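Listed here are the chains, written in short residue letters.
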Amino acid sequence: MTGLADLGRVHLVGIGGVGMSAVALLLAARGVPVSGSDAHDGPGLDALRAAGVDVRVGHDASAVDGADTVVVSSAVRETNPELAAARAQGLAVLHRSQALAALMAGRTTIAVAGAHGKTTTSAMVAVGLVHAGADPSFAIGGVVVDDTGRLGGARDGCGPFVAEADESDGSFLAYAPQVAVVTNVEPDHLDHYGTTEAFEQAFVEFAQRVTGPVPALPGGLLVVCADDPGAARLAAAAARPGLTIVTYGASSPDAQVRVGPVEPDQDAWSVAVTWSGAAARVRLAAPGAHNALNAAAAWTVLCALGTDPDDAAQALGHFRGTGRRFEDRGTVDGVRVVDDYAHHPTEVAALLRAARTVAGAGRVLVLFQPHLFSRTKQFATQFGQALDLADTVVVTAVYAAREDPDPQVTSQLLVDAVPTTAKAVYVADRYDAAHAVAAAARSGDLVLTVGAGDVTDLGPVVLADLAARGDRHE
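Each value, and the rule that gives it
Residues numbered from 1 in each chain as written. Predicted model: local features only at pLDDT ≥ 70, side-chain atom pairs only at ≥ 80, totals over all residues. Heavy atoms only, no water. Pairing = 2+ DSSP bridges. Helix = DSSP H or I, 4+ residues; strand = E, 2+ residues; numbered from the N terminus. Axes fitted to C-alpha atoms, helices over the stretch in contact; angles between N-to-C directions. Contact = heavy atoms within 4.5 Å. Buried < 20%, exposed > 50% of the residue type's maximum accessible area, 1.4 Å probe, protein only. Polar contact = N/O pair within 3.5 Å; in protein donor to acceptor, adjacent residues only side chain to side chain.

Caption draft 1: Region of interest: the sheet that holds strand S5 (residues 92–95). Ordered in space as S3-S2-S1-S4-S5, the 5 strands form an open sheet in which the pairing is parallel. The open sheet terminates on both sides in strands that have one partner only, identified here as strand S3 (54–57) and S5. The sheet shows a mean angle of 20° between the axes of neighbouring strands, direction not considered. Taken together, the 4 bridges between strand S1 (residues 10–13) and strand S2 (residues 34–38) define a ladder with parallel strand orientation. The residue bridging His 11 from the neighbouring strand is Ser 35, located in S2. Strands S2 and S3 of the sheet are contacted by helix H2 (residues 43–50), whose axis makes an angle of about 155° with S3.

Below you can see the structure in the form of structure tokens.
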């Protein structure tokens, strides 16, 4: 495995992405000379510059001059001029996950994987360790927030290393953690894996990479959600001498860590968790059974690492969320606008069920941007069923991300799949879609901007429309 001392000067292509910027910040904090480039400028690049990273806007072959190692993500194509130049010069080219693995070396590593919930769960573990006094490092694909403010997506400490482990391209197999959490193994990213069987096998291989030592355990630790059928199959397939497997769940009778119902708790929510005679109540920053399961996983990890169960629950109570996970964008003219990263049918359904508890007597309106043509086609029926949980749905054009456009796949597939007639409408232009959902909203409603693409930019558009409407009402 590549070590930090082997990297030399590192250049990151696409440094503005949340995953890449986290690696860049950690490398810089460890004293590695770092440069990078991104297609667009933005606030994220300012934070990198403030950390001493040499950042340029735009991609050019000259950017890798003087570099020893070039780091890329799966989104960077071989035709990128910087990657092409690195190949031509014979420079070391690492995937982001390989650079992150180098940063993990020598640390007790907690890697959190799963088709859904891994960002929130890894952030919960990180915040819990911070407030338990463990001084962790972390690299997480979202902005971590606790009650002191925004901690960002990366932190360099002397204690355990918490990493969000991305399964989308198989890169989580670059890690060899001492502790692994798998929140679920529901099929996704079949554009990469091809079949459900191949997707599940990748998680088996991930579990096989878990190794010790972990305090008070004979080897490594695998924490798995027993409520998810795929994760339950993983727990059975991963069993081996030297690996401790702990399951958690709210509905599975076999779960070792029991998770109670979500209950109102002053200005937030909380959930009771029990394990081997220990019981605690963890406060939640956001509602929903999915958040309770995520908190239970984080609590289990903290306890397994030696934190007292009550202290672990208290430390987790400082967690306030992550960017784009039920992130409040503001309330105008009686309409609350919330942004969320949900981009898989199961995530969308969980979000809308949680939103219903928040909206109360108000309606839930959704502006949804599908992510990837392959996912839109693969899960059209499931997306339609999930979106039917809202009162009004506006679907805008598919966000292509790393894929080439597919002229045979449009968002109309999802609209047609919504069971309730006339509940959903397709508005291709995202700004027109934002105007449409704002026009439909009335006082007391909850509006959600949902998806993994640039739909996150549309919350302010909706709020501006609401403000203009409110001015006209005065």
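Caption draft 2: Main features of the sheet that holds strand S22 (residues 424–426). The 6 strands lie next to each other as S18-S19-S23-S20-S21-S22, forming an open sheet whose pairing is mixed. Edge positions in the sheet fall to strand S18 (327–332) and S22, since each of these pairs with one other strand and no more. Within this sheet the neighbouring strands show an average axis-to-axis angle of 15°, counted without direction. Sitting on the sheet, helix H15 (residues 430–440) is in contact with strand S20 (364–368), strand S21 (392–395) and strand S23 (446–450), with an inclination near 175° to S20.

Caption draft 3: Quick look at the side chain of Asp 188. Mapped onto the elements of the fold, Asp 188 is located in the loop between strand S10 (179–182) and helix H6 (190–193). Overall, Asp 188 belongs to the buried group, its relative accessible area being 2%. A polar contact is formed between the side chain of Asp 188 and the side chain of Arg 375, at a distance of 3.0 Å. Discounting chain neighbours no more than four positions away, the residues touching Asp 188 are Tyr 193, Phe 199, His 344, Arg 375 and Phe 379.

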